[in-house]
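Reading the structure
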Amino acid sequence: MTAVSIQAVSQVFNPGHTGEVTALSDVDLTVAPGEFVSLIGPSGCGKSTLLRLIADLITPTSGTVEVNGKPAGKARLDQEYGIAFQQAGLFEWRTVQRNVELPLELRGQSRAERRSRTAEMLELVGLADFARHYPAQLSGGMQQRVAIARALAVHPPLLLMDEPFGALDEMTRERLQTELLAICAKTGTSTIFVTHSISEAVFLSNRVVVMSPRPGRITATVDIDLPSPRDEAVRQSPAFFDAVTTVRKALRAAA
Ligand SMILES: Nc1ncnc2c1ncn2[C@@H]1O[C@H](COP(=O)(O)OP(=O)(O)O)[C@@H](O)[C@H]1O
Ligand SMILES: [Mg+2]
């Protein structure tokens, strides 16, 4: 079974009207269980659109999207994926604990089940001591970790992330990259990660998918053969810089 299977997907917004935009054209993408795939490309090339199609937040103009062997709509109802955006999107009036519990409430889990799962998730993201805090009391990096905990709370097989670290300073960002990989390794979650940072894509991924400017197409796929676990030594290695160069060339070729 594949985690994600996208076949011949095109997305046209406002078809037949002024303002018609072909956001994606004939996209094929398969993601294996446990695989970490980054989508990279210039602003407006359709990265977020592709993620929203996988999440069934929009329906493709043509083509098919399957998650965990199910049509995207069914996968959404079954909570087969968690999602995290650039803005953590936490509810300010809910504590950290109650933010992470939200998807479990939607699932109708008992209070006891929610409490134990939330404790497990906050442990995983290193925020066990902050359960009773409110989002405004946390740093940006901590808020993103809460968002990741919430996205993973139902133990989905797939995590969708749209520039989740884009608003963070470089040091925090690198620390969260390492944490995210540790979490994914531990949970076995497949991840699709949107970024426009080449080094971030290379550091995190098994595969980097390069997209062209609008209408977005996949123009190259770069396999990243760096050792695991990825650590600071990897970030400084010649192989890392070689991979960054390969992705940069692929991006230039697509432009
Ligand atoms: N709901 C929408 N209606 C009309 N156009 C849209 C809509 N969503 C995205 N677009 C357009 O589709 C293109 C791709 O957008 P997006 O997927 O957000 O790009 P990216 O995330 O790569 O920056 C852009 O030209 C954008 O303006
Ligand atoms: Mg976007």
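All figures in this text were calculated on a predicted structure; none of them were measured in a lab.

What follows covers the domain arrangement of the protein chain. The domain architecture assigned to the protein chain consists of domain 1 (4–80 + 158–254) and domain 2 (88–155). Summarising the inter-unit geometry, the C-alpha centres of domain 1 and domain 2 are found 25 Å apart. Taken together, the contact pairs 12 residues of domain 1 with 10 residues of domain 2. The element that contributes the greatest number of residues to the side of domain 1 that touches domain 2 is helix H6 (residues 170–187), accounting for 5 residues. In terms of residue class, the side of domain 1 that touches domain 2 is built from 8 nonpolar, 4 polar and no charged.

The next point concerns unusual backbone geometry. It is generally the case that most residues other than glycine have a negative phi and that most peptide bonds are trans. Across the junction of Arg214 and Pro215, the peptide omega takes the value -5 degrees, indicating a cis bond. Omega for the bond connecting Ser228 with Pro229 falls within 30 degrees of zero, at -10 degrees, which places this linkage in the cis form. For Pro229, the location among the structural elements is in the loop between strand S10 (218–223) and helix H8 (232–235). Unlike most non-glycine residues, Asn14 shows phi in positive territory, near 50 degrees.

What follows is about the environment of Pro135. Within the secondary structure, Pro135 is located in the loop between helix H4 (111–124) and helix H5 (140–152). By the C-beta count within 10 Å, which is 19 here, Pro135 ends up partly exposed. As for Pro135 and Asn99, which are separated by 36 residues in sequence, their C-alpha atoms are 9.0 Å apart. Look past the residues within four positions of Pro135 in its chain and what remains in contact with it is Leu90, Glu92 and Gln143.

Next up on the list: the site of ligand 1. Taken together, 13 residues lie around ligand 1, and Phe13, Ala23, Lys47, Ser48 and Thr49 are the ones closest in. Among the elements of the structure, strand S2 (21–31) and helix H1 (47–54) are those that each provide at least two residues to the shell around ligand 1. Considering each element in turn, the shell around ligand 1 owes the most residues, 3 residues, to H1. Per-class residue counts for the shell around ligand 1 are 4 nonpolar, 7 polar and 2 charged.

On to the pairing of strand S3 (residues 36–40), then. Counting buried positions along S3 gives 5 out of 5 residues, so the element sits mostly inside the fold. Going residue by residue along S3, you find Phe36, Ser38 and Ile40 tucked away on one face and Val37 and Leu39 tucked away on the opposite face as well. In this sheet, strand S8 (residues 190–194) lies alongside S3 in parallel orientation, the contact comprising 4 bridges. When the sheet's bridge partners are listed, Leu39 is paired in S8 with Val194. Here S3 pairs with strand S9 (residues 207–211) via 4 bridges, running parallel. When the sheet's bridge partners are listed, Leu39 is paired in S9 with Val209.

Analysis parameters
- Residues numbered from 1 in each chain as written.
- Chains lettered and ligands numbered in written order.
- Predicted model: local features only at pLDDT ≥ 70, side-chain atom pairs only at ≥ 80, totals over all residues.
- Domains from an automatic or database assignment.
- Contact = placed C-beta atoms within 7 Å.
- Helix = DSSP H or I, 4+ residues; strand = E, 2+ residues; numbered from the N terminus.
- Nonpolar A, V, L, I, M, F, W, Y, C, P; charged D, E, K, R; others polar.
- Buried ≥ 20, exposed ≤ 12 C-beta atoms within 10 Å, placed from the backbone.
- Near = placed C-beta within 6 Å.
- Pairing = 2+ DSSP bridges.

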